[in-house]
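Topology and contacts: notes
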Amino acid sequence: MYRKLKLLPFTGHSLFTAALGLYTVNAVYGDTITMPCRLEVPDGLMFGKWKYEMPNGSPVFIAFRSSTKKNVQYDDVPDYKDRLSLSENYTLSIKNARISDEKRFVCMLVTEDDVSEEPTVVKVFKQPSQPEILHQADFLETEKLKMLGECVVRDSYPEGNVTWYKNGRVLQPVEEVVVINLRKVENRSTGLFTMTSSLQYMPTKEDANAKFTCIVTYHGPSGQKTIQSEPVVFDVHYPTEKVTIRVLSQSSTIKEGDNVTLKCSGNGNPPPQEFLFYIPGETEGIRSSDTYVMTDVRRNATGEYKCSLIDKSMMDTTTITVHYLDLQLTPSGEVTKQIGEALPVSCTISSSRNATVFWIKDNTRMKTSPSFSSLQYQDAGNYICETTLQEVEGLKKRKTLKLIVEGKPQIKMTKKTNTNKMSKTIVCHVEGFPKPAVQWTVTGSGSLINKAKETKYVNGKFSSKIIIAPEENVTLTCIAENELERTVTSLNVSAISIPEYDEPEDRNDDNSEKVNDQAKLIVGIVVGLLLVALVAGVVYWLYVKKSKTASKHVDKDLGNIEENKKLEENNHKSET
């Protein structure tokens, strides 16, 4: 009678498959191979043995186990020394699986009368290393077939298949464009394969940023799998197809005095390093790097600029406009004129665009340009003619005129009795520039009066005032003197007991302006009334003239009679 052998559950890394009617164990390289004996244990079992078959079919025994003595013996086979283990149920385990373990093993159960055998096929798998792209090209060139690199996959079993990809798409061989060669090398000591796939590739300009990868497809215990390499991007060289010139400037516009940098570039890779720059007025190109610098440009730099490759095969142009602004002020600087003189002033502008011009006097912007037909003291001051080009940042010009209006001292004296009837105020009104110095004296005695008070000097005018209470009639003298002349004026002043004809004092400039404005208003009203009266008079005259037309002849006749009488009287007198 035979008894069934209870198989232990499998806990190793081997997998069992049935292939061509044979029981197959799939093992991972380096793991433990576990092969159960798939025979029913017969009655009268003496021992069990394991062997494997050589390629020529001859057996090699490797393990023995007695059913009675329970002892295990392992044959002296160098490849399996210290690697075998045979359990009580005759399951054979082989540690550290190798490629050489890929054999046909046989479990044998022996009785006195019979020998039972059951073969098991062992398949060993080794996952390859991650593919690496080695011997990468420094760069690729369009229109040239060049070795891109080699995809190397090491330690695979069984051998895998290597595929190249570009941007995730399979690269199929194309004659003179994509050339792929695969080499497989077996390590004799381990039985593992190393695959090397070389790729020759002719790129296009669009491959500049393409990602190249390679993938190995291999078989494992559980089926087919893949491993991908790290992507690689290659520098693709291609010739220049277009040249571009541009102006590098901190501002959108260029003005005189700026520094201008021209930059020329080509769209090739690598870009051209040298160019020919063509400057207005130069017949030959100037060889330079990709930039050409012009410092402190002038208006004559305006024109068309070009750049080309060294071989003059390609060219590009650009236009530069250098903006300018000239200002001529006549007269300018410090100018000294006499009061009452005329002074023509002109501010002439020359510019690349329409300029804005305005005048400033003593830090106040003027509404109109200055014009002097008869200079007055108030015309003196610091004048600035300023002009700008609004579209051109930083382009501004200004010139100054310092106008000095000089005049000899002019004096007018006034007097009045104060309201308290106890004193009199004598005022010396002075005009002149430079500011005259004023002295008061009493005629006859020649004594100086030092208690005079002066008003503020404005627009060449000021007043010197004294208050006196004379007991008798006196003559006061006002002396005004500057660098141009000395002016003396005297005024008789009665004693305080004698009423004095009051004379109004000159008011300050602001009041004078108000008075002038009021006077102008009054004059305007008077002129308007006169015009109305004139119109009324004309109308009345026409009416009277029409009404007296009938009496004209009578008047004329009366006139003739009177004339005749006078003529007769005259003739009579002549005869006598």
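Note that the coordinates shown come from a computational prediction; the quantities given were computed from them, not determined experimentally. (Residues numbered from 1 in each chain as written. Predicted model: local features only at pLDDT ≥ 70, side-chain atom pairs only at ≥ 80, totals over all residues. Heavy atoms only, no water.)

**Considerations on the overall build of the protein**
Helices and strands together make up the secondary structure of the protein, namely 2 helices and 46 strands. Relative to its 576 residues, the protein shows a buried fraction of 37%. Considering only intrachain contacts with a sequence separation of at least 6, the fraction spanning at least 24 residues in the protein is 60%. (Helix = DSSP H or I, 4+ residues; strand = E, 2+ residues; numbered from the N terminus. Buried < 20%, exposed > 50% of the residue type's maximum accessible area, 1.4 Å probe, protein only. Contact = heavy atoms within 4.5 Å.)

**What about the sheet that holds strand 29 (residues 291–294)?**
Read from one edge of the open sheet, 3 strands run 24-26-29, paired in antiparallel fashion. The sheet terminates laterally at strand 24 (243–248) and strand 29, the two strands that pair on one side only. Here the strands of the sheet are splayed against their neighbours by 15° on average, with no regard to which way each runs. The pairing of strand 26 (residues 260–266) with strand 29 spans 4 bridges and is classified as antiparallel. (Pairing = 2+ DSSP bridges. Axes fitted to C-alpha atoms, helices over the stretch in contact; angles between N-to-C directions.)

**Comments concerning the pattern of salt bridges**
For the structure shown, the criterion picks out 24 salt bridges. The shortest N-O distance in the salt bridge between Arg298 and Asp296 comes to 2.7 Å. On the accessibility criterion, Arg298 (37% relative accessible area) is partly exposed. For Asp296, a relative accessible area of 44% translates into the label partly exposed. Here Lys402 ties to Glu334 by a salt bridge, and the two come within 4.0 Å at their closest N and O atoms. A residue pair is termed long-range when its members are at least 10 positions apart, and Lys402 in strand 39 (residues 396–417) and Glu334 in strand 34 (residues 333–338) qualify at 68 residues. The exposure class of Glu334 is exposed, given its relative accessible area of 56%. Salt bridges here are not isolated pairs; linked through shared partners, they connect Glu256, Arg299 and Asp326. (Salt bridge = Lys/Arg side-chain N within 4 Å of Asp/Glu carboxyl O.)

**A closer look at unusual backbone geometry**
Of all residues except glycine, most have a negative phi; of all peptide bonds, most are trans. A cis amide bond links Tyr157 with the next residue in sequence, Pro158, at an omega value of -10°. Across the junction of Asn269 and Pro270, the peptide omega takes the value 0°, indicating a cis bond. Structurally, Pro270 can be placed in the loop between strand 26 and strand 27 (275–278). Even without being glycine, Asp155 reaches a positive phi, approximately 55°. You can see Asp155 is positioned in strand 15 (residues 146–156). Even without a glycine there, the phi angle at Asp362 is positive, about 50°. Inspection of the secondary structure assignment puts Asp362 in the loop between strand 36 (356–361) and strand 37 (364–365). On the basis of relative accessibility, which here comes to 39%, the residue Asp362 falls in the partly exposed class.

**Some details on the state of the cysteines**
By the definition in use, this model includes 5 disulfides. Two residues, Cys151 and Cys214, share a disulfide whose sulfurs are 1.9 Å apart. Between Cys151 and Cys214, the disulfide has an S-S torsion of 75° and is therefore right-handed. In this pair, Cys151 is assigned in strand 15 and Cys214 in strand 20 (residues 211–220), connecting sequence segments 63 residues apart. Each member of the pair, Cys151 together with Cys214, is buried. With its sulfur 1.8 Å from that of its partner, Cys264 forms a disulfide with Cys307. The disulfide joining Cys264 to Cys307 has a torsion of about 60° about its S-S bond and is therefore right-handed. Taken together, the positions of Cys264 in strand 26 and Cys307 in strand 30 (residues 303–308) put the pair 43 residues apart, joining distant regions of the chain. Of the two residues, Cys264 and Cys307, neither departs from the other in class, the shared state being buried. The connectivity of the disulfide bonds within the protein can be written as 1-2, 3-4, 5-6, 7-8, 9-10, using the sequence rank of each bonded cysteine. (Disulfide = S-S within 2.5 Å.)

**Description of the sheet that holds strand 30**
One open sheet accounts for 4 strands, arranged 28-27-30-31; its pairing is antiparallel. In this open sheet, the two strands that pair with only one neighbour each are strand 28 (286–288) and strand 31 (315–320). Sheet twist, expressed as the average angle between the axes of neighbouring strands with direction ignored, equals 25°. Bridge count between strand 30 and strand 31: 6 bridges; the pairing is antiparallel. Bridged to Gly303 within strand 31 is Ile320.

**Some words on the packing of aromatic side chains**
Per the counting criterion, the structure on display carries 10 aromatic pairs. When the centroid spacing of 5.7 Å and the interplanar angle of 75° are considered together, the rings of Phe212 and Phe234 count as edge-to-face. Separated by 22 residues along the polypeptide, Phe212 in strand 20 and Phe234 in the loop between strand 22 (232–233) and strand 23 (236–237) bring together distant segments of the chain. The class for Phe234 is buried, based on a relative accessible area of 4%. Where Tyr457 meets Phe462, the ring centres are 5.7 Å apart and the plane angle is 70°; that geometry is what we call edge-to-face. Through a chain of ring-to-ring contacts, three or more aromatic side chains come together here, namely Tyr52, Tyr80 and Phe105. (Phe/Tyr/Trp six-rings, centres within 6.5 Å; stacked < 30°, edge-to-face > 60°.)

Any functional reading would require information beyond the geometric quantities listed.
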